[in-house]
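The residues making up each chain are set out below.
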Amino acid sequence: MTVRIALIGAGVMGRQHATYLERNPDTELVAISDPFNTSLAEELGVPTFADHRAMLEQVAVDGVIIANPNDLHVSTALDCLRAGRPVLLEKPVGTHVEEVRALVVAEAESGVPVLVGHHRRHNPITAKAKAIIDSGRLGRITTFTGLWQSQKDDAYFDVAWHRRQGAGILLINLVHDLDLMRYLCGEISAVQAITSTAARGHEVEDTAALLLQFSNGALGTLTGSDACAAPWSWEQSSSENPAFAQQPEQPCYLIAGTLGALSIPQLQVWTYGEQKGWHHPLQQSAEAKAEGTALGNQLAHFVQVIRGEARPVIDAADAMRTLALVEAARTAASEGRRVNLP
Ligand SMILES: NC(=O)c1ccc[n+]([C@@H]2O[C@H](COP(=O)([O-])OP(=O)(O)OC[C@H]3O[C@@H](n4cnc5c(N)ncnc54)[C@H](O)[C@@H]3O)[C@@H](O)[C@H]2O)c1
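These figures come from a predicted structure and were not determined experimentally.

1. Some remarks on empty space enclosed by the protein
In the structure shown here, the tally under the stated rule is two cavities of 30 Å³ or more. What the largest cavity holds in volume is close to 70 Å³. Taken together, 14 residues line the largest cavity, and the ones lying closest to its centre are Phe157, His162, Gly168, Val204 and Asp226. Among the residues forming the lining of the largest cavity, the class breakdown is six nonpolar, three polar and five charged. Reported here for the second largest cavity is a volume of approximately 40 Å³. Lining the second largest cavity are His17, Tyr20, Ile65, Leu88, Leu295, Gln298 and Leu299. Of all the elements, helix H9 (residues 294–306) adds the most residues to the lining of the second largest cavity, at three residues. In terms of residue class, the lining of the second largest cavity is built from five nonpolar, two polar and no charged.

2. Digging into the pairing of strand S14 (residues 268–271)
Judged from the four bridges that link them, strand S13 (residues 260–264) and S14 form a sheet pairing that is antiparallel. Its bridge partner being in S14, Ser263 is matched across the sheet by Gln268. The turn linking S13 back onto S14 is made up of three residues, and Leu267 within it adopts a positive phi angle of 60°. Here S14 runs beside strand S15 (residues 283–286); their pairing, made up of four bridges, is antiparallel. Looking at S15, one finds that Val269 is bridged to Ser285.

3. Regarding the domain arrangement of the chain
One frequent convention defines the size of an interface as the accessible area lost when the parts assemble. Its domain assignment divides the chain into domain 1 (3–120 + 295–314) and domain 2 (122–289 + 324–340). Taking only C-alpha atoms into account, the centre of domain 1 sits 27 Å from that of domain 2. In this assembly, 19 residues from domain 1 lie in contact with 22 residues from domain 2. Taken together, the two surfaces of domain 1 and domain 2 that pack against each other cover about 1700 Å², and 53% of this comes from carbon and sulfur. In this structure, the connection of domain 1 to domain 2 is made through two salt bridges.

4. Describing helix H5 (residues 97–110)
With 14 residues, H5 should reach 20 Å at 1.5 Å per residue; the first-to-last C-alpha distance of 20 Å fits that figure. Along H5, the residues that are buried comprise Val97, Glu99, Val100, Leu103, Ala106 and Glu107. Projected down its long axis, H5 carries its buried residues within an arc of 165°, all on one side. Facing away from the buried side of H5, by more than 90 degrees, are the exposed residues Glu98, Ala108 and Glu109. Buried residues along H5 sit against helix H4 (73–82), strand S5 (87–90), strand S6 (114–117) and helix H10 (316–335).

5. Concerning the packing of H5 against H10
Contact geometry of H5 with H10 gives a least axis separation of 9 Å together with a crossing angle of 170°. The orientation of H5 relative to H10 falls into the category roughly antiparallel. Judged by residue contacts, Val97, Val100, Arg101, Leu103, Val104 and Glu107 of H5 engage Ala316, Ala317, Met320, Leu323, Ala324 and Glu327 from H10. Looking at the contact of H5 with H10 residue by residue, the class counts come to nine nonpolar, no polar and three charged.

Reading the values: the criteria
Residues numbered from 1 in each chain as written. Predicted model: local features only at pLDDT ≥ 70, side-chain atom pairs only at ≥ 80, totals over all residues. Heavy atoms only, no water. 1 Å grid on protein atoms, 1.4 Å probe; cavity = no way out; pocket = protein on both sides within 12 Å on 5 of 7 lines; lining within 4 Å. Points joined across faces, edges and corners; volume = space filled by probe spheres on them. Nonpolar A, V, L, I, M, F, W, Y, C, P; charged D, E, K, R; others polar. Helix = DSSP H or I, 4+ residues; strand = E, 2+ residues; numbered from the N terminus. Pairing = 2+ DSSP bridges. Domains from an automatic or database assignment. Contact = heavy atoms within 4.5 Å. Buried area = accessible area lost by both parts, 1.4 Å probe. Salt bridge = Lys/Arg side-chain N within 4 Å of Asp/Glu carboxyl O. Expected span 1.5 Å × (residues − 1). Buried < 20%, exposed > 50% of the residue type's maximum accessible area, 1.4 Å probe, protein only. Arc of directions from axis to C-beta. Axes fitted to C-alpha atoms, helices over the stretch in contact; angles between N-to-C directions. Parallel < 35°, antiparallel > 145°, perpendicular 65-115°, else oblique.

Next comes the structure, spelled out in structure tokens:
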């Protein structure tokens, strides 16, 4: 039996989800809710609703994908849980930790699952990188260098909410990197940060530099900007989304340990031979990348979650911990101090 999915929010990301729903033989897109955009529903010939609550009452659906603006995520997901419908909720799970607590409680009490759209966790590159780190080949991880340096075109900022509180590179972009950093290397226990609005002059930051301490003792940096002509970002390096120009030879993460180092997404591993230390050359080997796409794998996982065959790879509580890192970075930047996380 195919699972019947409704989509809330038919913008850029909603269209992407619609494409993957069409490709997946186990899913059927049965309705779309978007008060300001009916074009996708008209193109696809599915019923369209201005209000998602009316849609949930009138259409029989097995699960819902939510891709509306960030500040509507929690309230919309709560409506879906009240209707007993499993949710694939786009990231970030909410705009601040306090509002997300209600969703965490509702998910636990209702038993209706929430899968949060940190899609990079489903990328085959991530699975390989995690296997390499967990195998111990790199030894004890000492440093994790993350880069998200790219240039959004000016038209992106014609959309008002992209310029305002509730957006900004921390919540829109670096939240993905922070999620992968903690997924790959373990929980982050302290954050220091500086942010800047100087390049674009918007209400929200266009550039940020973060210092991170992992619970296992590793130290990390994450520098990000959406206002620089540079090739170092997951989008450009990973070939994940053909909408972005590809620079697959450029790394976006460099992870180094006491026995070896790893570049991502190249999956190049650097280790010493018999003789160790900086007077001797490191040897290089590359892992083959597995087949599959992040959004395709994420949707296949959501189908399993709806059918009760799997628990969400990242649920509301887990995504709240990633969001707490964004909040910690904001506090660290505005108060000029180190923020410790429980
Ligand atoms: N996973 C990813 O890599 C990724 C990439 C881009 C965006 N996103 C996330 O997807 C979400 C949407 O981003 P986007 O770039 O598609 O934005 P967008 O502005 O293109 O689309 C948002 C859509 O939501 C609609 N909308 C507004 N109010 C609504 C409501 N009450 N009910 C239903 N729809 C409503 C808007 O009309 C618009 O069509 C955001 O949360 C964003 O963070 C995730």
